[in-house]
Structure formats: structure tokens, C-alpha cells
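Okay, here's what each chain looks like letter by letter:
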Amino acid sequence: MKENQDIDCCSEKNEEEEPTCPHCSGKHKVRDEAEFKTLMNRLKRIEGQVRGVEGMLENNAYCTDILMQVSAITSALNSFNKALLANHMKTCVADGIRNGDESVIDEFVVTLQKLMK
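This structure is a prediction, so every number in the text was calculated from the model and none was measured.

## Thoughts on the overall build of the protein
(1) Moving on: In terms of helices and strands, the protein carries three helices and zero strands.
(2) Moving on: Across the 117 residues in the protein, those meeting the buried criterion constitute 16%.
(3) Moving on: As displayed, the protein has an accessible area near 9100 Å², and 54% of this comes from carbon and sulfur atoms.

## Describing the nonpolar core
(1) Moving on: Core analysis: the largest hydrophobic core is formed by seven residues, namely Leu 39, Ile 46, Val 53, Met 56, Ile 66, Ile 73 and Phe 80.
(2) Moving on: Broken down by secondary-structure element, the contributors of at least two residues to this core are α1 (33-58) and α2 (63-98).
(3) Moving on: Here this core gets four residues from one element, more than from any other, and that element is α1.
(4) Moving on: Setting aside residues up to four positions removed in sequence, Leu 39 forms contacts with Arg 31, Phe 80, Ala 83, Leu 84 and Asn 87.

## Concerning the confidence of the model for the protein
(1) Moving on: Put simply, the protein has an average pLDDT of 86, and 81% of its residues get 70 or more.
(2) Moving on: Long-range and interchain partners of residues 1-14, a stretch whose pLDDT sits below 50, account for 30 contacts in this model, where long-range means more than four residues apart.

## Digging into the packing of α1 against α2
(1) Moving on: Two elements in contact, α1 and α2, have axes separated by 10 Å at closest approach and are oriented at 165 degrees. Classified by the angle between their axes, α1 and α2 sit roughly antiparallel to one another. For α1 against α2, the interelement crossing comes out left-handed.
(2) Moving on: Considered class by class, the residues forming the contact of α1 with α2 number 16 nonpolar, four polar and three charged.

## Description of the side chain of Glu 35
(1) Moving on: Along the chain, Glu 35 turns up in helix α1.
(2) Moving on: Of note is the side chain of Glu 35, whose polar atom sits 3.4 Å from the side chain of Arg 31.
(3) Moving on: For Glu 35, the side chain forms a polar contact with the side chain of Asn 87, separated by 3.2 Å.
(4) Moving on: In contact with Glu 35, other than residues within four places in its own chain, are Lys 29, Leu 84 and Asn 87.

## As for the pattern of salt bridges
(1) Moving on: Evaluation of the coordinates by the stated rule reveals five salt bridges.
(2) Moving on: Residue Glu 35 is joined to Arg 31 by a salt bridge in which the shortest nitrogen-to-oxygen separation is 3.4 Å.
(3) Moving on: For the salt bridge of Arg 51 with Glu 47, the shortest nitrogen-to-oxygen distance reads 3.0 Å. Residue Arg 51 and its partner Glu 47 are both found in helix α1; the two are separated by four residues, about one turn of the helix.

## Focus on unusual backbone geometry
(1) Moving on: For Asn 60, which is not glycine, the phi torsion reads 60 degrees and is therefore positive.
(2) Moving on: Here Asn 60 shows up in the loop between α1 and α2.
(3) Moving on: Accessibility expressed as a relative area gives 68% for Asn 60, which makes it exposed.

Definitions and cut-offs
Residues numbered from 1 in each chain as written. Predicted model: local features only at pLDDT ≥ 70, side-chain atom pairs only at ≥ 80, totals over all residues. Heavy atoms only, no water. Helix = DSSP H or I, 4+ residues; strand = E, 2+ residues; numbered from the N terminus. Buried < 20%, exposed > 50% of the residue type's maximum accessible area, 1.4 Å probe, protein only. Areas by Shrake-Rupley, 256 points an atom, 1.4 Å probe, with all protein chains shown as cover. Core = buried A, V, L, I, M, F, W, Y, C linked by side-chain atoms within 4.5 Å. Contact = heavy atoms within 4.5 Å. pLDDT = per-residue confidence, 0-100. Axes fitted to C-alpha atoms, helices over the stretch in contact; angles between N-to-C directions. Parallel < 35°, antiparallel > 145°, perpendicular 65-115°, else oblique. Left-handed = near helix turned anticlockwise from the far one by under 90°. Nonpolar A, V, L, I, M, F, W, Y, C, P; charged D, E, K, R; others polar. Polar contact = N/O pair within 3.5 Å; in protein donor to acceptor, adjacent residues only side chain to side chain. Salt bridge = Lys/Arg side-chain N within 4 Å of Asp/Glu carboxyl O.

Here it is in C-alpha cells:
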């Protein structure tokens, strides 16, 4: 398995050479093909579900029918998060600890706190 790579994620940088993207840490992870494929398949299914809800709204579907589909999407996103979180623990966090970088634990705790809001 390839190790995490600390490379810039944003092509644009500010004067301090920090990534300007507000959505990322600036770190990247190279995923193995199986993990990548599994996660992408989950996202594609979720994307299809969201499009289905859009169609339901356009076709004046009943509110509770739409709400049930949105609940299914929420559940699918939670499953995606669980899979990604498990992979993160097994790779990024474990590798960081093995390499003596205990800051990954603090980062992981902060991530969990944000997810559990």
C-alpha cells in the first residue's frame, strides 16, 4: 500500500504558501485501487439517489415519499463516512503512530468531534 503524501492540494497559494482551498488540509492520500473503487461506487449510488429526489420534487411527489428517500441518502452518507473513517484509522492514523507522529491522534479526535456534532 502506498503511504500518505504531504503535497499541496490547491494549485493556487496565498503569499504564505498555504493552500487557499477552505475545504482541505493540504494533505493527500493515495488509496489502493480496491478502496478507491469501493468509495467511488458508494458515492455514485448516493449521487443517483440525490438525482432521484430531484426528479421526485420536479414531479410533485408527496412530501413523506421525498423525506423517506432523503433519509435513505443520509443513511448512505453515514455508511460512506464509516467506511472512510475505518480506512483512515487503519492507514493514516496507524501509519502516523508507527512513525512516531502522535499528532495524528489529536487530528483524529478533532475529526470525530466534528463528525459527532
